[in-house]
Structures are given as structure tokens and as C-alpha cells.
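# Observations on the three-dimensional arrangement
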Amino acid sequence: QVQLQESGGGLVQPGGSLRLSCVASGSIFRINAMGWYRQAPGKQRELVATITSGGTTNYADSVKGRFTISRDNAKNTVYLQMNSLKPEDTAVYYCNADQSLWRGNYEYWGQGTQVIVSS
């Protein structure tokens, strides 16, 4: 079993920056893609960015050019650098990890970290 712990959320003014971190612990072997998702009040959860074990990234159109996802396997950590934040970025951000084992695939989620972009 894998546990994911997000950190780095908080209150920031429009145009500001935050860096989210997600540390994986437990049975962390054979972790494949990791990603960040977010859910704003009254809206469905949406993909923000993903990164494979090989470093291939994918971003939602709404964050391209502003957000950067990265991964440090030595630290079992995935990051989301968020620049030029907008009020519409306000949401709970969740870390996600996919694990492939002999007995099947498993998906894990963190508890989320709140990001509020407001003046």
C-alpha cells in the first residue's frame, strides 16, 4: 500500500506562486505515473498535470505555460510548481499515483491540499 502526503498549499495573491509537494511512502515500488488533480467548489475533479516514470509530462490546457510538474524518484516526491496563479486556480489539489503489481493495478490518492488564490 502507498500513502501520499501533499503539502505546500495555502493562500496566495493573484499572480503569485506556490510549489506543491507530494511524498510517497509505504510500498512505493513499481510506481508508474503520478499526477496532480484538483477540485474546485461546485465543480468536478479535473486533471492538472501528470508525469510518467520516464519524465513525460501532460498538462491541462488551462495551466499550460504556468504550471510545471516534476519528479524526484530519489526522494519519492512529485512537485507542482504553480506560477502566475489565477483566482480560478482555487481548488483542493490532490496527488495521485498508479502502481502496477503482479496481482493488479492500484491507484492511490492523497488527502489534498487547499490552494486559495485571492486578493
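Criteria and cut-off values
Residues numbered from 1 in each chain as written. Predicted model: local features only at pLDDT ≥ 70, side-chain atom pairs only at ≥ 80, totals over all residues. Heavy atoms only, no water. Disulfide = S-S within 2.5 Å. Helix = DSSP H or I, 4+ residues; strand = E, 2+ residues; numbered from the N terminus. Buried < 20%, exposed > 50% of the residue type's maximum accessible area, 1.4 Å probe, protein only. Contact = heavy atoms within 4.5 Å. Salt bridge = Lys/Arg side-chain N within 4 Å of Asp/Glu carboxyl O.

## Brief notes about the state of the cysteines
Applying the stated criterion across every chain yields a total of 1 disulfide. Between the sulfur of C22 and that of C95 lies a disulfide, 2.1 Å long from S to S. Between C22 and C95, the S-S torsion sits near -85 degrees, and that sign places the bridge as left-handed. Of this pair, C22 sits in strand β3 (residues 18–26) while C95 sits in strand β9 (residues 91–101), placing them 73 residues apart in sequence. Exposure class is identical for C22 and C95. Each is buried.

## Quick notes on the environment of V78
Counting through the fold element by element, V78 comes out in strand β8 (residues 77–82). By relative accessible area, which is 0% here, V78 ends up buried. A C-alpha to C-alpha distance of 7.8 Å links V78 and G35, two positions 43 residues apart in sequence. Every residue in contact with V78, bar those within four places of it in the chain, is listed here: L20, S21, C22, M34, W36, I51, I69, S70, R71 and C95.

## Comments concerning unusual backbone geometry
A positive phi is found at R30, a non-glycine position, where the angle reads about 60 degrees. By the element assignment, R30 lies in the loop between β3 and β4 (31–39). A positive phi angle is found at S84, which is not glycine, with a value near 50 degrees. Tracing the backbone shows S84 in the loop between β8 and β9.

## Describing the pattern of salt bridges
Under the definition given, this model contains 4 salt bridges. Among the ionic pairs, R38 bridges to E46, the shortest N-O distance being 2.7 Å. Classification of R38 as buried rests on a relative accessible area of 6%. On the basis of relative accessibility, which here comes to 36%, the residue E46 falls in the partly exposed class. For D61, the salt bridge goes to K64, with nearest N and O atoms at 3.1 Å. Judged by its relative accessible area of 65%, D61 is exposed. Here the residues in one salt-bridge network are R38, E46, R66 and D89, joined through shared partners.

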